[in-house]
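Chain and residue survey
Spelled out, the chains give:
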Amino acid sequence: MIEVHQLSHSFKVGKKGSEKEIPVLKNISLKINKGEIASIVGRSGSGKSTLLNLLSGYISPTSGDILIHDTNVTKFNEKKWAKFRLDNLGFIFQSFQLISSLTTFENVELPLTLKGIDSAERKKMVMSLLEEVGLHEHTEHYPNELSGGQQQRVSIARALITKPSIIFADEPTGSLDSETEKEILDLIKQLNKEQGITFFIITHDDEVASISNHKFHLQDGVLVKGGAVVEV
Ligand SMILES: Nc1ncnc2c1ncn2[C@@H]1O[C@H](COP(=O)(O)OP(=O)(O)O)[C@@H](O)[C@H]1O
Ligand SMILES: [Mg+2]
């Protein structure tokens, strides 16, 4: 489902002429199978978000290859990535990243509009999903009228509405209290079990990592599993 081969990434920093290359990810290889929940644990600054940005095409790697659904996406241009993301991937972030001027309904509807789905069909799909994630009483609320847990449910619904096969979650419970964290983790487990959605969760919290089938560690840009450097 996701295969990464010898992936490395360096950021260029500093003024033109005296730029420095800062290596952030070093020869990362990993494999995640369909229907798994994989987690990457690592300290702040270890390169977790950079890895996720590479796997979702927001930045291009310095070297190495990324295959998703047996397609080599490494050299996709922005247009191809945009379509690929809309067809295959969903995203959940620590800060929810909802659009503050849109209601719950409208936030979840947006990806369907981008896909060109007509209004009646959109309404049917959004209402049924909001019911499923327990937000049917909050369809007309704006993000600032919702609790953190409710906002994260809206962002999960927005991620789910296009029926992605993979959901990338970057610190999905990082802004939530421990009780709400448990609710959101239960929802992730349920979606994985009932719909077979593959999850790739980035976290620095062992509680979050405990719901995963595969737990990787990122240490200074090197991927480690069970104490050994991962090689595929
Ligand atoms: N756009 C960028 N330009 C330069 N350095 C960056 C950039 N993005 C991240 N970094 C650096 O890369 C390292 C890893 O960052 P990041 O992937 O965000 O770590 P994490 O998500 O594990 O906290 C950090 O040292 C960070 O400062
Ligand atoms: Mg991060």
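These notes cover the structure that comes with them. Just so you know, these numbers come straight off a predicted model, no measurement behind them. Residue positions within a chain follow its written sequence, with the count starting from 1. Chains and ligands are labelled sequentially in the order written, the chains with letters from A and the ligands with numbers from 1. For a predicted model such as this one, the threshold for reporting local features is a pLDDT of at least 70, and the threshold for listing and counting side-chain atom pairs is 80 or more; totals across whole chains, interfaces and linings nevertheless cover every residue. Where side-chain values are given, they derive from all heavy atoms of the structure, hydrogens and water being excluded.

1. Some details on the site of ligand 1
Under the convention used in this document: Neighbouring residues are identified by heavy atoms, a residue being near a molecule or strand if any of them is within 4 Å of it. Labels follow the DSSP assignment, with helices taken as runs of H or I lasting at least four residues and strands as runs of E lasting at least two, numbered in each case from the N terminus. Residue classes follow a fixed rule: Ala, Val, Leu, Ile, Met, Phe, Trp, Tyr, Cys and Pro count as nonpolar, while Asp, Glu, Lys and Arg count as charged, and any other residue, Gly among them, counts as polar.
Near ligand 1 the following residues occur: Phe 11, Val 13, Val 24, Arg 43, Ser 44, Gly 45, Ser 46, Gly 47, Lys 48, Ser 49 and Thr 50. The set of elements that each furnish at least two residues to the shell around ligand 1 consists of β1 (2-13) and α1 (48-55). The greatest single-element share of the shell around ligand 1, amounting to three residues, is contributed by α1. Here the shell around ligand 1 is composed, by residue class, of three nonpolar, six polar and two charged.

2. Things to note about the layout of surface pockets
Counted only if it meets this: With a 1 Å grid laid over protein atoms only, a set of points is called a cavity when a 1.4 Å probe fits there but cannot get out and a pocket when it is open yet has protein on both sides within 12 Å along at least five of seven lines; lining residues have an atom within 4 Å of a point. Grid points are joined across faces, edges and corners, and a volume is the space filled by probe spheres set on the points.
Quantified by volume, the largest pocket comes out at close to 410 Å³. Residue lining of the largest pocket: 15 residues in total, with Tyr 58, Leu 86, Leu 89, Phe 91 and Pro 111 positioned closest to the centre. Of all elements in the fold, only α2 (78-88), β6 (89-93), α3 (104-114) and α5 (148-160) reach the threshold of two or more residues within the lining of the largest pocket. Sort the elements by how many residues they give to the lining of the largest pocket and β6 lands first, with four residues. Classifying every residue of the lining of the largest pocket gives 10 nonpolar, three polar and two charged. Here the second largest pocket defines a volume of roughly 150 Å³. For the lining of the second largest pocket, the leading source of residues is strand β9 (residues 214-219), giving three residues. Taken together, the residues that form the lining of the second largest pocket break down as two nonpolar, six polar and two charged.

3. Observations concerning the pairing of strand β4 (residues 63-68)
What counts here: Only when DSSP finds a minimum of two bridges between them are two strands counted as paired.
As paired strands, β1 and β4 are joined by five bridges and run antiparallel to one another. Residue Val 4 lies in a different strand from β4, and its bridge partner there is Ile 66. One ladder, built from two bridges, connects β4 with strand β5 (residues 71-72); its direction is antiparallel. Bridge assignment links Ile 68 to a residue of β5, and that residue is Thr 71. Here β4 folds back onto β5 in antiparallel fashion, the turn holding two residues, of which His 69 has a positive phi close to 50°.

4. Looking at the pattern of salt bridges
Rules: Salt bridges are defined by distance alone: a side-chain nitrogen of Lys or Arg within 4 Å of a carboxyl oxygen of Asp or Glu. For the exposure calls, accessible area comes from a 1.4 Å probe over protein chains only, and a residue counts as buried if that area is under 20% of its type's maximum, exposed if over 50%, partly exposed in between.
Per the stated rule, a full pass over the model turns up 10 salt bridges. Of the charged contacts in the structure, one is a salt bridge between Glu 21 and Lys 12, with a shortest N-O distance of 3.6 Å. Its relative accessible area of 56% is what places Lys 12 among the exposed residues. Via salt bridges that share partners, Lys 83, Asp 87 and Lys 115 belong to a single interconnected network.

5. Observations concerning helix α4 (residues 119-132)
Filter applied, for reference: The span you would expect from a helix comes to 1.5 Å times its residue count less one. Note that the arc is defined by the directions from the helix axis to the C-beta atoms. We call two residues in contact when some of their heavy atoms are within 4.5 Å. Polar contacts, as counted here, are pairs of nitrogen or oxygen atoms within 3.5 Å of one another; within protein the pair requires one atom able to donate a hydrogen and one able to accept it, and residues that are adjacent in sequence qualify only if both atoms are side-chain atoms.
With 14 residues, α4 should cover 20 Å at 1.5 Å per step; its first-to-last C-alpha distance of 20 Å lies within 8% of that length. Within the sequence span of α4, burial applies to Arg 122, Met 125, Val 126, Leu 129 and Leu 130. Buried residues of α4, seen end-on, are gathered within an arc of 125° and therefore sit on one face of the element. Opposite the packed face of α4, turned more than 90 degrees from it, sit the exposed residues Ala 120, Lys 123 and Lys 124. The elements touched by buried residues of α4 are α3 and α5. A side-chain oxygen of the first residue of α4 lies 3.1 Å from the backbone nitrogen of Ala 120; this N-cap is Asp 118. Just downstream of α4, Gly 134 is the residue with a positive phi angle, here 75°.

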